[in-house]
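Summary of structural features
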Amino acid sequence: MALRILVLVALLFGFIESIFAQGTAADYQRMEQLGRMTAGKVFRDEVTPNWLPGGDHFWYRVRTGQGEHEFVFVDATKGLREPAFDHDKQASQLSEQLKKKVQPTRLPFERIQFSEDLARVIFQVADETYQIDRTEQSLTRLEQPAESLLSSMPALTRPYPSTDKGGEITLKVVNETTDTIKLFWMNRDGRPVFYNDVAAKKEHEQRTFVGHVWLVLNNQGQALSVLEAADPVSVLKVDGKNARELPRRRRRGDRRPRSGRTSPDGQWTASIENHNLVIRRDNSGEPIRLTTDGSDSKYLSDRFYWSPDSKRLIAMEVKPGQGRKVTIVESSPKDQLQPKLHTFNYDKPGDEIRQQWPRLFDLEKLEEVSLDRRLFENPFATSEESWQSDSSEFRFLYNQRGHQAVRVVGIQRDGSVRTIVEETTDTFVDYTNKIHYNPEPDENAWVWMSERSGWNHLYLVDAAEGTVKNPITSGEWVVREIERVDRDKRQVWFTASGIVPEQDPYYLHHCRVNFDGSGLTMLTEGDGTHKINYSPDGRYVIDQYSRVDLPPVHTLRRVDDGSLVCELEAADASQLLETGWKMTERFAAKGRDGKTDIFGVIYFPTNFDPAKKYPVLEYIYAGPHSAFVPKRFAAMGHLRETAELGFIVVQIDGMGTNHRGKAFHDVCWKNLSDSGFPDRIAWMKAAAEKFPSMDISRVGIYGGSAGGQSALSAMLSHGDFYDAAVADCGCHDNRMDKIWWNEQWMGWPIDESYAQNSNVTHAHKLQGDLFLIVGEMDTNVDPASTMQVVNALVKADKDFDLLVVPGAGHGIGSGRYGMRRTRDFFVRKLHGVEPRR
């Protein structure tokens, strides 16, 4: 009897376990099918305008259902949005013409053309051309094809930031042109990152992810195509027929043409001989040596800057750096059996770096003018060098090593040196994101970006006086990027976040303001993050905004005052929701100080049951250069896929990340291992109170690169909260990583803070389960950084898992194999079961 009871109890518990099991084969199957299940089920979510001559009218074709669409006409002068024609009547008439049934929502053409008076619409089906009379709604077949229709094309979509909407896919670029083309990835800040050249008549396959945006340029810098990857194999054919100029945004670091070897008046030539400056007059060939102190360890470069009047010359003195090289072994090369050794240049924090300083020469007296270098004695970088058009002053941007001072320095023709404007701080100047220096050689008033108020804002500089004339923007919000400076109208066009107090402080809005700070105008409106598309003449803008819980909304607005012209589209996600897909949850809670709001998102599985408990997985990237919680709507993404395995997945921006003001940002200073964990843990505890299904007794964390460093740090410093971590390609010791990123936040010279923030130092504190991933060919983060952690863990007698992927580079953990192993690891450690059972 007792044995029978034991058997029944065992069967009962097995039955209960099967009911509540997670990480099962069914869960994996559902995860793998999620992309197909949800693809293409959001409608009216894109507006690609086709502007008509005159700039007051446009049309677009919008998806209204699976395989269904509608043509829309917009008259901006009247604020009118309407169907371009009666789709029902045209379908009926076209059915008669084609002798087959045509559905009004499935018209067999994609493009239309309007007559000059807008009274007629022309389109083609196969080789036949048809015309619609918009007043009578009559359809006639034309004998002559409308050639302009064949050559017309929509305006090239302006490149926009990549977002994570799904798993790994393949981009296939087919170059049908006769020239080499250049392939760029648009990063999450909307900046192009060069990836590959594709030779003429060749193809190139590129690993990418759903939602990532790719830009193709020709050798003239013109855009040939923009594509957002979506399909398992996204094919991008480039024929080069519609090259378009992209809007130019001159950024810090863009160079004006440098002076060459010959002076502007043609009287002098300059050269470097045996590391010293030599000039010659009138091509006489007679050398005049202006320096004699050049050597291998201190020499002049052939980077010359002539004053416009040819009476002064600036040459750059260079002290070479140590030139650190990193060596890695490719264990399994494709073209040979034996391993290969690879070496590449890679400066690290604390290294002796290449430095340069300007030296001034008087060509009237044929001598060097002594300069006081105290204002630029220890450069990390100098840039934007140029003379004023009247030859009165040579100016350049100086970024001091350690990044606690950035200033514009002026060298006057008599050798006196002055500060025109500067930023100084006890922590760091965010020079990679918050410096704007774009002067003109004949201008003494320009726009400067600064956090001197504690918030990133714009200021008008009087360069002649060396003073800040007035703030252009102010308040407890931040300028994110200057899009355009209009010197004629004395206006600045920029993006801002936090400018609408009741909205999420990361949401982007587009704005305009006058140089004197008056006339602040918001061009966008709506509770979401915005991106815009200007009309060709710049009088109108199509404003698209969305949130993680709001599909895209499109409106047409006037640029002069930001007012609404008309509403265009509000995306329909009803079919997506019918699949069981769950809207992403926005959540905010107080951080470590009990006052500051911390923002994040929560993903639930499609079979979410509020009566059940789910372990929590945090995806982390806490790099101080930006903020990373998604703000735009996306139907898919790797976090959403991972949730299908029975997890509640979260992503959070804690203190130390960017775009929330200087005090929020400064938390990272010499403190990268903090990673905002006190805020993240407080946020998750608050979220678990609102959503009791979040089981914060079982918490995992994963990330790559800086996120890999943070994921491991969680286990070393907060092992009482986090139970398991996957750390991919982590920069586990900031002394091992690239110089520019790490000295920016950790400072220079190297001090004890580097060791105290190192995961190697604290490896012996490991609690819980750890999985380390690294690609042996990583050239972004030295793979030795991971292996030094491994060494420390072995010495501390700690158990952990390690995956070294032959031939793989940075971020291998986010690829197919790496993500499969990551998910399996968390199923085992947090669910306590073997995957797929």
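Conventions and cut-offs
- Residues numbered from 1 in each chain as written.
- Predicted model: local features only at pLDDT ≥ 70, side-chain atom pairs only at ≥ 80, totals over all residues.
- Heavy atoms only, no water.
- Helix = DSSP H or I, 4+ residues; strand = E, 2+ residues; numbered from the N terminus.
- Rg over C-alpha atoms; globule rule 2.2 N^0.38 Å.
- Buried < 20%, exposed > 50% of the residue type's maximum accessible area, 1.4 Å probe, protein only.
- Contact = heavy atoms within 4.5 Å.
- Areas by Shrake-Rupley, 256 points an atom, 1.4 Å probe, with all protein chains shown as cover.
- Core = buried A, V, L, I, M, F, W, Y, C linked by side-chain atoms within 4.5 Å.
- Phe/Tyr/Trp six-rings, centres within 6.5 Å; stacked < 30°, edge-to-face > 60°.
- Lys NZ or Arg CZ within 6 Å of the ring centre and 35° of its normal.
- Pairing = 2+ DSSP bridges.
- Polar contact = N/O pair within 3.5 Å; in protein donor to acceptor, adjacent residues only side chain to side chain.
- pLDDT = per-residue confidence, 0-100.

**Digging into the overall build of the protein**
Regarding its fold elements, the protein presents 13 helices and 47 strands. In terms of C-alpha radius of gyration, the protein reaches 30 Å, essentially the compact-globule figure of 28 Å for 837 residues. Along the first, second and third principal axes, the C-alpha atoms of the protein reach 105 × 85 × 60 Å. Looking at the protein residue by residue over its 837 residues, the buried ones come to 54%. Put simply, 59% of the contacts in the protein that link residues at least 6 apart link residues at least 24 apart. As presented, the protein carries roughly 36500 Å² of accessible surface, and 48% of it is formed by carbon and sulfur atoms.

**Notes on the nonpolar core**
Ile-602, Trp-683, Met-684, Met-694 and Tyr-722 are the most contacted members of the largest nonpolar core, which totals 44 residues. Broken down by element, the residue count for this core peaks at 6 residues, all from helix α8 (residues 677-690). Leaving out residues up to four positions away in the same chain, Met-684 has contacts with Val-616, Glu-618, Val-650, Ile-652, Met-694, Ile-696, Val-699, Phe-721 and Tyr-722.

**Regarding the packing of aromatic side chains**
What describes a pair of aromatic rings is the distance from one ring centre to the other and the angle between the planes of the rings. Across all of its chains, the model carries 40 aromatic pairs by this definition. In this structure, Arg-512 packs its charged tip against the face of Trp-493, placed 5.0 Å from the ring centre.

**Side note on the sheet that holds strand β1 (residues 50-51)**
Read from one edge to the other, the open sheet built from 4 strands follows the order β1-β2-β3-β4, with strand pairing classed as antiparallel. Pairing within the sheet leaves two strands with one partner each, and these edge strands are β1 and β4 (80-83). Across 4 bridges, the pairing between strand β3 (residues 68-75) and β4 is antiparallel. Across the sheet, Val-74 pairs through a bridge with Arg-81, a residue of β4.

**Things to note about the environment of Val-235**
Structurally, Val-235 can be placed in strand β15 (residues 233-238). Separated by 63 residues in the primary sequence, Val-235 and Lys-172 place their C-alpha atoms 4.7 Å from one another. Those residues within four positions of Val-235 in sequence are excluded, and the remaining contacts are Lys-172, Val-174 and Leu-227.

**Quick notes on the pairing of strand β23 (residues 355-362)**
When you tally the buried positions in β23, you get 8 out of 8 residues, the bulk of the element. In this sheet, β23 lies alongside strand β20 (residues 312-319) in antiparallel orientation, the contact comprising 8 bridges. Each bridged residue has a counterpart across the sheet, and for Met-316 the counterpart in β23 is Pro-358. As paired elements, β23 and strand β24 (residues 367-369) share 3 bridges and run antiparallel to each other. In the sheet register, Asp-362 faces β24, and the bridge partner there is Glu-367.

**Overview of the side chain of Asp-56**
Counting through the fold element by element, Asp-56 comes out in the loop between β1 and β2 (57-65). For Asp-56, a relative accessible area of 17% gives the class buried. At 3.0 Å, the side chain of Asp-56 forms a polar contact with the side chain of Tyr-540. With sequence-adjacent residues up to four places away left out, Asp-56 is seen in contact with Trp-51, Val-74, Asp-75, Ala-76, Thr-77, Arg-539 and Tyr-540.

**As for the environment of Asn-791**
Tracing the backbone shows Asn-791 in helix α12 (residues 784-795). Between the C-alpha atoms of Asn-791 and Ala-763, which are 28 residues apart in sequence, the distance is 9.3 Å.

**Re the confidence of the model for the protein**
Per-residue confidence for the protein gives a mean pLDDT of 92; residues scoring 70 or more make up 93%. Here residues 1-19 scores under 50 on pLDDT; set against residues more than four positions off or in separate chains, the count is 1 contact. Counted against residues more than four places away or in other chains, residues 249-258, with its pLDDT under 50, gives 30 contacts.

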